[in-house]
Amino acid sequence: MMRGIPPWLFYTASAAIMAVSFLFFITLNTRTDPEGRKGYATLDLLRVRWLRRLLCSAFFKFRVRLFVTCIFIFIIDLPSKNRSMLKSKMI
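Quick caveat: nothing in here was measured; it's all calculated off a predicted structure.

A. Quick look at the overall build of the protein. For the protein, the count of helices and strands is 3 helices and 2 strands. The buried share of the protein, taken over its 91 residues, is 2%. Of the accessible surface of the protein, which amounts to about 8,900 Å², a share of 70% is contributed by carbon and sulfur atoms.

So, in structure tokens, the structure goes:
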């Protein structure tokens, strides 16, 4: 659970987010191939020029890699911080 949020609010918000996202993907237009068969719903974000320019830029890629690396280091280093906190509380 999340600290500071009542359980009923957490569960209601989670259910609402799931319902809205499910309805969004259901109502999305489906793509048809040349034979006329319907496929799965797709949304090509790279068709938007400014979004394609942003996502394909070297600076954006570098920032995403840096962010993921920092999270990885935080996860790897977290157990060592917890052990040091436990030792200080025992003293």
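B. View of a nonpolar patch on the surface. A cluster of nonpolar side chains, contributed by Val64, Phe67, Val68, Ile71, Phe74 and Ile75, occupies part of the molecular surface with about 560 Å² of accessible area. Looking at the secondary structure, you find Phe67 in helix H3 (residues 58-90).

C. Fine view of the packing of aromatic side chains. Scanning the model with the defined rule gives 1 aromatic pair in all. Ring centres of Phe10 and Tyr11 lie 5.6 Å apart, and the angle between their planes is 65°; this geometry places the pair in the edge-to-face category.

D. Local environment of the pattern of salt bridges. As enumerated under the stated definition, the model contains 1 salt bridge in all. Note that Arg47 and Asp44 form a salt bridge whose closest N and O atoms lie 3.7 Å from each other. Note on Arg47: relative accessible area 61%, which makes it exposed. The exposure class assigned to Asp44 is partly exposed, which follows from its relative accessible area of 40%.

What counts, and where the lines are drawn
- Residues numbered from 1 in each chain as written.
- Predicted model: local features only at pLDDT ≥ 70, side-chain atom pairs only at ≥ 80, totals over all residues.
- Heavy atoms only, no water.
- Helix = DSSP H or I, 4+ residues; strand = E, 2+ residues; numbered from the N terminus.
- Buried < 20%, exposed > 50% of the residue type's maximum accessible area, 1.4 Å probe, protein only.
- Areas by Shrake-Rupley, 256 points an atom, 1.4 Å probe, with all protein chains shown as cover.
- Patch = residues over 30% accessible without salt bridge, like charges linked within 9 Å, V, L, I, M, F, W, Y side chains within 5 Å.
- Salt bridge = Lys/Arg side-chain N within 4 Å of Asp/Glu carboxyl O.
- Phe/Tyr/Trp six-rings, centres within 6.5 Å; stacked < 30°, edge-to-face > 60°.

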